[in-house]
Amino acid sequence: MAAPIKVVVTGAAGQIAYSLLYQIASGAVFGPEQPVYLHLLDIAPMMGVLEGVVMELADCALPLLTGVLPTANPEEAFKDVAAAFLVGAMPRREGMERKDLLSANVRIFKEQGQALDKVARKDVKVLVVGNPANTNALICSKYAPSIPKENFTAMTRLDQNRAQSQLAAKIGVPVQDVKNVIIWGNHSSTQFPDASNALVKINGAEKPVPAAINDDEYLKTTFVSTVQKRGAAVIAARKMSSALSAAKAASDHMRDWFLGTGDRWVSMGVVSDGSYGTPRDVVFSFPVTVSNGKWKIVEGLTISDFARQMLDNTGKELAEEKQDALDVCKD
């Protein structure tokens, strides 16, 4: 057995964490041979609820879970962690716009960046789930200058999973037979779900998704808007934001980052180097491949006029969010 790694989950008494903690502790994220020591961070008023979660984790009798530390102190929570799931944030409620979330949450991620900088491992892999995820990841990285920028990522895997399942249902194949669908840009309603490079396995042979669907209009309209608005649709139905699917996506993202992607592309919000004409130094979702714990942006894709417009639109929103966030940090 490998030595245990320390893994922190913030917002640990919340809805997403309730599904996520089991996945981490059961081996679904870091593999069946990797023991984990869980650090659970939440705010002081949630400590009673967190105590119940700790009891439940004990009651799961999970062989890979070597210990649990519940705490309301960020420096205690982030000490020596190899992986950080930053889930805790003020949630978006019905009728709320992302801008309303921005000012409350930027302050949380500034503080967490400072704590990570001080006490986490320098090779920590940080996944930001709490919204607005892309900009929160950027701010977190800014306040953790001793940790490489590429170690901070934002979750767009939920959007990718949503897009993949929409396409699979449309074509009538199992979801695992669709691959390389891309989410570009912001985890917001400006994101661009792009099926133009996606592949589908039909009767054992791979073919391009656009050819299999053979409906360009659908791929530019219904498909895009269904994926963009899926989060709001879940809130309208459940009266709470996506939790089960968000937890699964966070597991997928971190598993691929640690264990690699093979020949699949996955979407991750990463610090932009300006690839594909995107604004630099914002956290932008690109198609990436991962090996040996390092992600790399997929190069050389053709960007259609439609795609160009979509990328510019989401890039503009991210540049504006970044400026708003930096202004909040000055306060």
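Just so it is clear, the structure is predicted and the values come from calculations on it, not from any experiment.

### Some details on the overall build of the protein
- When helices and strands are counted, the protein shows twelve helices and 14 strands.
- In summary, the protein has a C-alpha radius of gyration of 19 Å against a globular reference of 20 Å for 331 residues, a match within 12%.
- Expressed along its principal axes, the backbone C-alpha trace of the protein runs to roughly 55 × 50 × 40 Å.
- Within the protein, the proportion of its 331 residues that are buried is 53%.
- For the protein, long-range pairs separated by at least 24 residues make up 73% of all intrachain contacts whose partners lie at least 6 apart in sequence.
- Accessible surface for the protein amounts to roughly 14,400 Å². Of this, 53% is attributable to carbon and sulfur atoms.
- Computed over 35 positive and 36 negative side-chain charges, the inter-centroid distance for the protein is 1 Å.

### So, the nonpolar core
- I24, F30, F85 and F223 are the most contacted members of the largest nonpolar core, which has 75 residues in total.
- Counting contributing residues, this core receives three or more from each of domain 1 (5–154) and domain 2 (156–323).
- Filtering out sequence-adjacent residues up to four positions away, I24 remains in contact with V7, V9, V29, F30, V36, L38 and F85.
- Ranked by size, the runner-up nonpolar core spans 25 residues in total, among them F78, F109, V119 and C140.

### What about the UniProt feature "active site" (unreviewed entry) in the protein?
- As annotated in UniProt, the feature "active site" (unreviewed entry) corresponds to H187 in the numbering used here.
- Within the secondary structure, H187 sits in the loop between β8 (182–184) and β9 (192–194).

### Here's the deal with the pairing of strand β11 (residues 205–208)
- When strand β10 (residues 199–202) meets β11, the two strands line up antiparallel, connected through four bridges. Its bridge partner lying in β11, V200 is registered against K207.
- Hairpin connection between β10 and β11: a loop of two residues separates the two successive antiparallel strands, and N203 in this loop has a positive phi of roughly 50°.

### Considering the packing of helix α1 (residues 15–26) against helix α11 (residues 244–259)
- Two elements in contact, α1 and α11, have axes separated by 8 Å at closest approach and are oriented at 40°. By the angle class used here, α1 and α11 are oblique. The chirality of how α1 crosses α11 is right-handed. Touching I16, S19, L20 and Q23 of α1 are L244, A246, A247, K248, A250 and S251, all from α11.
- Residues belonging to the contact of α1 with α11 are distributed by class as follows: six nonpolar, three polar and one charged.

### A closer look at the UniProt feature "binding site: substrate" (unreviewed entry) in the protein
- What UniProt calls "binding site: substrate" (unreviewed entry) maps, in this numbering, to R92, R98, N131 and R162.
- The topology assignment puts N131 in the loop between β5 (125–128) and α5 (133–142).
- N131 sits in the partly exposed class, given a relative accessible area of 22%.

### Side note on the side chain of T261
- Position of T261 among the secondary structure elements: in the loop between α11 and β12 (266–271).
- T261 sits in the buried class, given a relative accessible area of 4%.
- Polar side-chain contacts of T261 include one of 2.9 Å to the backbone nitrogen of V290.
- Other than its neighbours up to four places away in sequence, T261 contacts D256, V266, T289 and V290.

### What about the pairing of β12?
- Of all six residues making up β12, six are buried, and the element is well covered by its neighbours.
- Alignment of β12 against strand β13 (residues 283–291), held across six bridges, turns out to be antiparallel. Counterpart to V266 in the pairing with β13 is V288.

### Some thoughts on the pattern of salt bridges
- On inspection of all chains with the given rule, the structure shows 14 salt bridges.
- Here D263 ties to K179 by a salt bridge, and the two come within 3.1 Å at their closest N and O atoms. Placement of the pair is D263 in the loop between α11 and β12 and K179 in strand β7 (residues 178–179), with a sequence separation of 84 residues.
- For K179, a relative accessible area of 15% corresponds to the buried category.
- K220 serves as the salt-bridge partner of D216, at 3.7 Å between the closest nitrogen and oxygen. With a gap of four residues between them, D216 and K220 both fall in helix α8 (residues 216–220), about one helical turn apart.

### Digging into the packing of aromatic side chains
- Enumeration according to the criterion identifies six aromatic pairs in this entry.
- Both rings, one in Y218 and one in F223, keep their centres 6.2 Å apart while their planes meet at 40°; by these two values the pair is tilted.
- Taking the relative accessible area as the measure of exposure, Y218 reaches 10% and is therefore buried.
- Taking relative accessible area as the criterion, F223 reaches 1% and is therefore assigned buried.
- A centroid spacing of 5.0 Å and a plane angle of 40° characterise the contact between F284 and F286, whose relative ring orientation is tilted. Comparing F284 with F286, the two get one shared label, buried.

Cut-offs applied
- Residues numbered from 1 in each chain as written.
- Predicted model: local features only at pLDDT ≥ 70, side-chain atom pairs only at ≥ 80, totals over all residues.
- Heavy atoms only, no water.
- Helix = DSSP H or I, 4+ residues; strand = E, 2+ residues; numbered from the N terminus.
- Rg over C-alpha atoms; globule rule 2.2 N^0.38 Å.
- Buried < 20%, exposed > 50% of the residue type's maximum accessible area, 1.4 Å probe, protein only.
- Contact = heavy atoms within 4.5 Å.
- Areas by Shrake-Rupley, 256 points an atom, 1.4 Å probe, with all protein chains shown as cover.
- Lys, Arg positive; Asp, Glu negative; His and termini not counted.
- Charge placed at Lys NZ, Arg CZ, Asp CG, Glu CD.
- Core = buried A, V, L, I, M, F, W, Y, C linked by side-chain atoms within 4.5 Å.
- Domains from an automatic or database assignment.
- UniProt positions renumbered as here; feature names shortened; annotations may be inferred.
- Pairing = 2+ DSSP bridges.
- Axes fitted to C-alpha atoms, helices over the stretch in contact; angles between N-to-C directions.
- Parallel < 35°, antiparallel > 145°, perpendicular 65-115°, else oblique.
- Left-handed = near helix turned anticlockwise from the far one by under 90°.
- Nonpolar A, V, L, I, M, F, W, Y, C, P; charged D, E, K, R; others polar.
- Polar contact = N/O pair within 3.5 Å; in protein donor to acceptor, adjacent residues only side chain to side chain.
- Salt bridge = Lys/Arg side-chain N within 4 Å of Asp/Glu carboxyl O.
- Phe/Tyr/Trp six-rings, centres within 6.5 Å; stacked < 30°, edge-to-face > 60°.

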